[in-house]
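Observations on the model geometry
Now for the letters of each chain:
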Amino acid sequence: MNSKVLIAVLLVMVIAVTASACKKKVEAPETGQVIDGGVTNTEDPAAPKKIESKTIITFHCYVNLGNLEEKDSRLGGYTYDFEARLENGAVKGTYKKSSYDGMEEKPFRESHEFLNEIFTIVDKYDFAQFNGKKHFVAGLPEDFGSTIEINFKSGEKINASDNQGSFLPVEAVEELEALFRSRLN
């Protein structure tokens, strides 16, 4: 092999090694496992699909309906983030609505009965059926999909997330949005 061919082969190898070292690696949430554009789809088989407690102490729901057409729901084209937390006998809540045009964020305080109203929706749409669901697609923007995190007084929890799309029924999100929006001044 002549020296020019050898140098060319070595140069190609150096470029290939350098390019692969520069490729961005993504860590899957919770596992920390490095994946390249892959899908991590796990379900915790021990996550209860029935919650005995009816007393919510913290509630968080994030859902992106940006791809949903307005003709399919009045919520189409927006992302929503609802939070409610029991603090000192009252509920501290936040309503967030976002689109490419900007974000509306409104905090509010409410009586502890507000969490009972949230529970009615959680129970009606059986959010516990999603408990333990974790679906993560590397490379998607952070604000895709949906997440629910609900903690109950009993210590029971409902946790689920999917960064690819919303697993929550649109009707449930519409009821949550109306409930949270009704508390704004």
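Residues numbered from 1 in each chain as written. Predicted model: local features only at pLDDT ≥ 70, side-chain atom pairs only at ≥ 80, totals over all residues. Heavy atoms only, no water.

**Here's the deal with the overall build of the chain**
How we decide: Numbering of helices and strands starts at the N terminus; helices are DSSP runs of H or I of at least 4 residues and strands are runs of E of at least 2. Each residue's exposure class comes from its accessible area (1.4 Å probe, protein chains only) as a fraction of the maximum for that residue type: buried when under 20%, exposed when over 50%, partly exposed otherwise. Whether two residues touch is decided by their heavy atoms; if any such pair falls within 4.5 Å, the residues are in contact. Computed with the Shrake-Rupley method and a 1.4 Å probe, the accessible areas treat only the protein chains shown as cover for residues.
For the chain, the count of helices and strands is 3 helices and 10 strands. Counting helices and strands in the order they occur from the N terminus, the chain gives α-β-β-β-β-β-β-β-α-β-β-β-α. When each of the 185 residues of the chain is scored for burial, the buried share is 37%. In the chain, the share of contacts with a sequence separation of at least 24, taken over all contacts with a separation of at least 6, comes to 59%. Just so you have it, the chain exposes about 11300 Å², and 53% of that area is on carbon and sulfur atoms.

**Points about the layout of surface pockets**
Rolled over the atoms, a probe with the dimensions of a water molecule shows which regions are left empty. Heads up, the condition is: Within this scheme a cavity is a closed region of a 1 Å grid, computed over the protein atoms alone, that accommodates a 1.4 Å probe without allowing it to escape, whereas a pocket is open but has protein on both sides within 12 Å along at least five of seven lines; lining residues each have an atom within 4 Å of a point. Grid points are joined across faces, edges and corners, and a volume is the space filled by probe spheres set on the points. Asp, Glu, Lys and Arg are counted as charged, while Ala, Val, Leu, Ile, Met, Phe, Trp, Tyr, Cys and Pro are counted as nonpolar; the rest, among them Gly, fall into the polar class.
Taken as a whole, the second largest pocket encloses approximately 340 Å³ of empty space. Around the second largest pocket sit 17 residues that line it, and Asn-64, Gly-66, Thr-79, Tyr-100 and Phe-144 are the ones nearest its centre. Counting residues per element, the ones that place at least two in the lining of the second largest pocket are strand 4 (56-64) and strand 6 (90-99). Tallied by class, residues from the lining of the second largest pocket come to 5 nonpolar, 11 polar and 1 charged.

**Description of the pattern of salt bridges**
Going by this rule: Think of a salt bridge as a Lys or Arg side-chain nitrogen and an Asp or Glu carboxyl oxygen that are within 4 Å of each other.
Taken as a whole, this structure holds 5 salt bridges when the rule is applied. In this structure, the salt-bridge partner of Glu-117 is Arg-183, at a minimum N-O distance of 2.6 Å. Here Glu-117 is found in helix 2 (residues 113-124), whereas its partner Arg-183 is found in the segment after helix 3 (170-181), with 66 residues between them in sequence. Of the residues examined, Glu-117 reaches a relative accessible area of 33% and is grouped as partly exposed. Its salt-bridge partner being Arg-181, residue Glu-177 comes within 2.8 Å of it at the nearest N-O pair. One end of the pair is Glu-177 and the other is Arg-181, both in helix 3 and 4 residues apart, which spans about a single turn.

**Some details on helix 3**
Heads up, the condition is: Here a helix's expected span is defined as the number of its residues, less one, multiplied by 1.5 Å. The reported arc concerns the directions from the helix axis to the C-beta atoms and nothing else.
Helix length check: helix 3, at 12 residues, gives a terminal C-alpha distance of 16 Å against a target of 16 Å (1.5 Å per residue), a fit within 8%. Taken residue by residue, helix 3 has Ala-172, Val-173, Leu-176, Glu-177, Leu-179 and Phe-180 as its buried positions. When helix 3 is viewed along its axis, its buried side chains cluster within an angular range of 165 degrees and face the same direction. Buried residues belonging to helix 3 abut strand 4, strand 5 (79-87), strand 6, strand 7 (102-111) and helix 2.

**So, unusual backbone geometry**
Even without glycine at this site, Asn-88 takes up a positive phi of about 55 degrees. With respect to the helices and strands, Asn-88 occurs in the loop between strand 5 and strand 6. A positive phi angle, close to 50 degrees, is found at Asp-126, a residue other than glycine. Locating Asp-126 in the fold gives a position in the loop between helix 2 and strand 8 (133-137). With relative accessibility at 36%, the residue Asp-126 sits in the partly exposed group.

Nothing here speaks to function; it is geometry throughout.
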